[in-house]
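# Reading the structure
Spelled out, the chains give:
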Amino acid sequence: MTPLYRTLRSAALTVMACSALLLAGCSSDVTPRAIPASGDVVTSSSSTAQTTTSAAPSGRGGDDVDIDIDVEIGECVELGGTMTAATIDNATCGSPDSNYKVVGKAPTNAECVSDVDQYYYETFDDVEQGALCLDVDWVVGGCMDFPVADDPERVECSSPGFDTVRVVEILEGTTEVNDCASDATSGFSYDERNFIVCVEDL
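Quick notes on the rules
The written sequence of each chain sets the order in which its residues are numbered from 1. Predicted model: local features are reported for residues with pLDDT of at least 70 only, side-chain atom pairs are reported and counted for 80 or more only, and whole-chain, interface and lining totals are derived from all residues. Side-chain metrics in this entry use all non-hydrogen atoms of the structure; hydrogen atoms and water are not considered. The helix count covers DSSP runs of H or I at least four residues long, the strand count covers runs of E at least two residues long, and both are numbered beginning at the N terminus. We call two residues in contact whenever any of their non-hydrogen atoms come within 4.5 Å of each other. What sets the accessible areas is the Shrake-Rupley method with a 1.4 Å probe; for residues, cover comes only from the shown protein chains. pLDDT gives the predictor's per-residue confidence on a scale running from 0 to 100. Three exposure classes are used, based on accessible area relative to the maximum for each residue type with a 1.4 Å probe and protein chains only: buried under 20%, partly exposed in between, and exposed over 50%. Two aromatic rings, drawn from Phe, Tyr or Trp (for Trp, its six-membered ring), form a pair once their centres lie within 6.5 Å of each other, and the interplanar angle then sorts them: stacked below 30 degrees, edge-to-face above 60, tilted otherwise. By salt bridge we mean one thing: a side-chain nitrogen of Lys or Arg within 4 Å of a carboxyl oxygen of Asp or Glu. Each nonpolar core is a collection of buried residues, namely Ala, Val, Leu, Ile, Met, Phe, Trp, Tyr and Cys, held together in the definition by side-chain atoms within 4.5 Å.

## Points about the overall build of the protein chain
- Looking only at helices and strands, the protein chain features zero helices and 13 strands.
- Starting at the N terminus and ending at the C terminus, the protein chain contains elements arranged as β-β-β-β-β-β-β-β-β-β-β-β-β.
- The long-range fraction of contacts in the protein chain, counting pairs at least 24 apart against all pairs at least 6 apart in sequence, stands at 62%.
- If you sum the accessible surface of the protein chain, you get close to 9,300 Å²; carbon and sulfur atoms cover 49% of it.

Now the structure itself:
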């Protein structure tokens, strides 16, 4: 079977948040919501792909973000919820709860590197307060499932889900799926940061 490039462009979640430091009692004026980004899983060998890991080059950094979760670049989160009620919480990288790793912080989501899998940002009065640039929390040898229209979930490789992949290796300095090991059936490539996550479809 010829290896395939895969594209992962998850929904970009945004939460319109009321900061306790700015205003008290403004919850009636603020509505959490999530806004999807364009993209899908592509299964043709001529396609490009997107995704990351701890071994990959980091995204753009910055401490000038004002969001309600205390997380640093290199740490992980559990991102979920819906378009109307996004949720985010701290998680230990590689744990069952972790599905994304923070690879950068930026004043706005548009300033994240172009090949991140996801971004999370909060707004107040329609003004972005800062953004987290996120990649899937890939673990070599571990498995992730990609339910339709949901965020990725870490699963046991012995119990694959809807669209489960096992991470074979992460190669820096290339985005070519043909550079992956023979047991990889596809790959998620990160063009701007020049690396590829080689996976086996289960």
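After that view, the rundown keeps rolling.
## With respect to the confidence of the model for the protein chain
- Per-residue confidence for the protein chain gives a mean pLDDT of 74; residues scoring 70 or more make up 67%.
- The low-confidence segment residues 9-58, where pLDDT is below 50, has 148 contacts with residues more than four positions distant or belonging to other chains.

## Focus: the side chain of Ser186
- If you trace the backbone, Ser186 turns up in strand S12 (residues 186-190).
- The exposure class assigned to Ser186 is buried, which follows from its relative accessible area of 2%.

## Some details on unusual backbone geometry
- We note that Asp125 has phi near 50°; this positive angle belongs to a residue other than glycine.
- Along the chain, Asp125 falls in the loop between strand S7 (118-124) and strand S8 (127-136).
- Backbone geometry places Asp126, a non-glycine residue, at a positive phi of 65°.
- You can see Asp126 is positioned in the loop between S7 and S8.

## Points about the packing of aromatic side chains
- On inspection of all chains with the given rule, the structure shows five aromatic pairs.
- With a centroid separation of 5.9 Å and an interplanar angle of 50°, the aromatic rings of Trp138 and Phe146 are classed as tilted.
- Clustering of aromatic rings is evident, with ring pairs tying together Trp138, Phe146 and Phe188.

## Here we look at the pattern of salt bridges
- Throughout the structure, instances matching the rule amount to six salt bridges.
- Put simply, Asp183 and Arg166 hold a salt bridge, and the shortest N to O gap is 3.3 Å. You can see Asp183 sitting in the loop between strand S11 (164-172) and S12 and its partner Arg166 sitting in strand S11, a full 17 residues away along the chain.
- Judged by relative accessible area, Asp183 falls into the partly exposed class, the value being 35%.
- Look at Arg166 and you get partly exposed, because its relative accessible area is 21%.
- Linked through salt bridges whose partners overlap, the residues forming this network are Asp115, Asp135 and Arg193.

## Some words on the nonpolar core
- Val77, Leu132, Leu134, Trp138, Phe188 and Val197 are the most contacted members of the largest nonpolar core, which totals 23 residues.
- Counting only elements with at least two residues in this core, the list comes to strand S4 (76-82), strand S6 (100-106), S8, S11, S12 and strand S13 (195-201).
- In this structure, Leu134 is in contact with Val77, Leu79, Tyr100, Lys101, Val102, Val103, Val116, Asp117, Gln118 and Tyr120, ignoring residues within four places of it in sequence.
- The next biggest cluster of nonpolar side chains, apart from the first, holds nine residues, and it includes Val113, Val116, Tyr121 and Cys133.

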